[in-house]
Each structure stands twice: as structure tokens, then as C-alpha cells.
Amino acid sequence: MKIAVTGGCGFIGSNFINYICRKHPEYNVINLDKMTYAANPLTLQMLRKYKNHSFVKIDIAEAMEIEQILENCEVIVHFAAETHVDRSLQNAENFLTTDIIGTYRIIEAIRKIKVVKKYIHISTDEVYGSIEKGSFAEDARLNPTNPYAASKASADLLVLSYIRCYKIPAVIVRFVNNFGPFQHPEKFIPLAITNAIENKKIPLYGNGFQMRDWLFVEDTCRAIELLIDRGETGEIYHVSAHQEKRNIDVLKKILALLGKDEKLIVSVPDRIAHDVRYSLSCEKIEKLGFQPARNFDDGLVRTVKWYKENQYWWTFIKNSDEFQKYYKNKYPSL
Ligand code: TYD
């Protein structure tokens, strides 16, 4: 089988390629990535060890040759997106271009080439906005509260329209927050781990009582594999491992694992329109047989271990001019 993966040098995309290339040496995986700030070249170096992986540097929002590249692909998994809420609050333009126009180019190619059997569209719990109690079902009203979430909700709507109008074989999958190896250190968990390793202050927004539901990235990969196989065209699936944690409690666990003092935690001004809690009901994928393999504590131990053992990977990002500038601007008090 030939699979195209967009954004294969990003966090979840690279974990997915790693997972699928190892598990299915008979598959042929083509990785399309623009190599933005979020794609570490060291990740690509890691993926190059797989003989069944090939790489094309491409901006899916601009490229006109996308149809030729996707021509013989039976499956497309579309991860490529700008994903960091805080960056979308500083400047949303890239989010609109990559997340919406990028998706448009992919599904337009699918419509034209007609050989694709399954299109897995990667989405997020953030499209529904915050929920105080209970969980959102797959048909809940979209209510994005920041430009990132709005760009993902727009892309989802576009995909739904293509399912209806052109019967493209799309499956939309909305995940809760992912964590694990190869996640960019601008995100909450890797920022906390790497700052703690470096004995630097760890920024916590507001009181840290906001809740996120955490899924270990390998379980995400397993869910996608299941949906490639058994996901029904035209359907939306939610994936979670039902592991809600307050941000402050996540930080305390990380510091305990690293043997560091909680005094490293520093409260910084809260994010604008910070969603307090996300939650998804997941019976639909559970009926297909999905069960997460890793609990939060186990996943966190693995994640911390990975960041301890792969400092070259994240110091490469953290030492870059781009990151330094971003960090100073975002956390001026640290
Ligand atoms: P993040 O990793 O940015 O994911 P998302 O906003 O998409 O859920 O943030 C996870 C949570 O951690 C979120 O509630 C915001 C909070 N957070 C902090 O408290 N401090 C930080 O420095 C960052 C980046 C996030």
C-alpha cells in the first residue's frame, strides 16, 4: 500500500511515520512537509533510516504539482497544519493558509485523481471550544474560540462539504491533546520537561487549573491505523484515553519525575480566551475496538526519558534564533 502523509516531520506526523514504517515494511510511505519552524531536520534524519519512507519538501498550500505526487496513493493522512494556539493569537495568517487552503489543495487533488481509497483528516477537540462538564459528541456544534481552532474548524467544514458534494472517501478524526517524543518545545509538556532539565523557570498560565485530556502519541498512531482499516467514510471519530489533568498537576508530576523543585513553576499572564476544559466522548471509535495502550503516568515516564536522552534534538530547536526570539517575546518575565 502507498500512503501519503502530510506534515510528516511534525510531532504526530513523524511519530506516525515511525510507527507505520516499522510495523509495515511492505507499505510505501511518502512524506510531504514544508519544513517550517515546527519541523526539526533531525526528525527527518531519523525517518530517513526507513527504506520504505521517501520525502518531498513541499508547501501544500502553494504547490500545484500535488496531484502528481498523490497520484498512486491509496491512503492520505493529512497532519500538516499550524497548531500552536499562542502563535495564532500573535498572527493568524499562516494558520488560514496552511490549515484551510492546505486542506483545500489536498481534498481537491483527491477529488480529481479518484484513486484515493481513504483520506484521514486530522483534527482536534479545540473545534468545539471549552466545556465545563460532560463531553462533546461528534455532532456537537463547532464553537472555536481562537484563530487556530477556527482554522481547523473551517478545514473540517470544507472536508464535510467535499464528502457531501463529491463523495470523497474522508474520515475526520478529532484528538484530545497529544504528548510524547518529538513534540516541539513550545508546547506545554515538552517546554516544562526541557526547562526543568535546564533548571529554568516553567511558565504556567494563570492559576493552572485549566484541564486538558492527554493522549500518548503512540495511541494516536494506533487509532489512525485502525481508522485507515475500519473507519467509515463520511464519519467523524473522537479519540481520547480519558485522562484529564489540571495543568498545575501535570507540572508537578514532571518535576517529581525529574527530581526538581516545584519552585521552578512561575505563574505568567493567562492566554487570551483560554479554554478551561476540553472533553470528547469516544464511544464510536471504542465500538471499532480502539483502546489506548498507555496510561498518562506511563506515557509521561517515557516522554521524560526521551527528552533526557535526546537533548541534541531539542537543544537544536531551543538554541535557534527563531525560538529565542519567540520565547523572549512571549515570556518577557522569565
Ligand atoms: P498547549 O500545549 O499550548 O496546547 P493547547 O493549548 O492546544 O491545549 O497548552 C496546553 C495547556 O497548557 C493549555 O491549557 C495552556 C497551558 N500552558 C501553560 O500553562 N504554559 C505554557 O507555557 C504553555 C505553552 C501552555
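A brief structural summary. (Residues numbered from 1 in each chain as written. Predicted model: local features only at pLDDT ≥ 70, side-chain atom pairs only at ≥ 80, totals over all residues. Heavy atoms only, no water.)

This paragraph deals with helix H7 (residues 188–197). Among the ten residues that make up H7, nine are buried, leaving the element largely enclosed by the rest of the structure. Among all positions in H7, only Ile189, Pro190, Leu191, Ala192, Ile193, Thr194, Asn195, Ala196 and Ile197 are buried. Asn199 sits one or two residues past H7 and shows a positive phi near 55 degrees. (Buried < 20%, exposed > 50% of the residue type's maximum accessible area, 1.4 Å probe, protein only. Helix = DSSP H or I, 4+ residues; strand = E, 2+ residues; numbered from the N terminus.)

Moving on to helix H8 (residues 217–230). For an α-helix, 3.6 residues make a turn, and residues three or four places apart therefore share a direction. Taking 1.5 Å as the rise per residue, H8 with 14 residues should run 20 Å; its terminal C-alpha atoms sit 20 Å apart, in good agreement. In terms of burial, H8 is largely enclosed, as ten of its 14 residues are buried. Along H8, the positions that sit buried rather than exposed are Val217, Asp219, Thr220, Cys221, Ala223, Ile224, Glu225, Leu226, Leu227 and Ile228. (Expected span 1.5 Å × (residues − 1).)

Here we take up the packing of helix H11 (residues 296–309) against helix H12 (residues 311–318). As a packed pair, H11 and H12 sit with axes 5 Å apart at the nearest point and diverge in direction by 75 degrees. By the angle between their axes, H11 is roughly perpendicular relative to H12. For the pair H11 and H12, the contacting residues are Trp306, Tyr307, Lys308 and Glu309 in the first and Gln311, Trp313 and Trp314 in the second. Among the residues forming the contact of H11 with H12, the class breakdown is four nonpolar, one polar and two charged. (Axes fitted to C-alpha atoms, helices over the stretch in contact; angles between N-to-C directions. Parallel < 35°, antiparallel > 145°, perpendicular 65-115°, else oblique. Contact = heavy atoms within 4.5 Å. Nonpolar A, V, L, I, M, F, W, Y, C, P; charged D, E, K, R; others polar.)

A few words now on unusual backbone geometry. Positive phi values are uncommon outside glycine, yet Lys167 reaches one of about 55 degrees. Checked against the element boundaries, Lys167 lands in the loop between helix H6 (147–166) and strand E6 (170–175). Residue classification places Lys167 among the exposed residues on the basis of a relative accessible area of 66%. The backbone of His242 sits at a positive phi, close to 55 degrees, despite the residue not being glycine. With respect to the element layout, His242 can be found in the loop between strand E10 (236–239) and strand E11 (244–246). The exposure class of His242 is partly exposed, given its relative accessible area of 49%.

A separate point is the sheet that holds E10. Pairing is parallel across the open sheet formed by seven strands, whose spatial order is E3-E2-E1-E4-E5-E6-E10. For this open sheet the edge positions go to strand E3 (53–57) and E10, each flanked by a neighbour on one side alone. Between one strand and the next, the sheet's axes are offset by a mean angle of 20 degrees, whatever the strand orientation. Pairing of strand E5 (residues 118–124) with E6 involves six bridges; the strand directions are parallel. Its bridge partner being in E6, Ile122 is matched across the sheet by Val173. On the sheet, H8 packs against strand E4 (75–78), E5, E6 and E10 and is oriented at approximately 145 degrees with respect to E5. (Pairing = 2+ DSSP bridges.)

A few words on the nonpolar core. Grouped together as the largest cluster of nonpolar side chains are 79 residues, with contacts concentrated most on Phe16, Val77, Ile120, Ile189, Ile224 and Ile285. Phe16 has contacts with Val5, Val77, Phe79, Cys221, Ile224, Glu225 and Ile228, leaving out every residue within four places of it along the chain. (Core = buried A, V, L, I, M, F, W, Y, C linked by side-chain atoms within 4.5 Å.)

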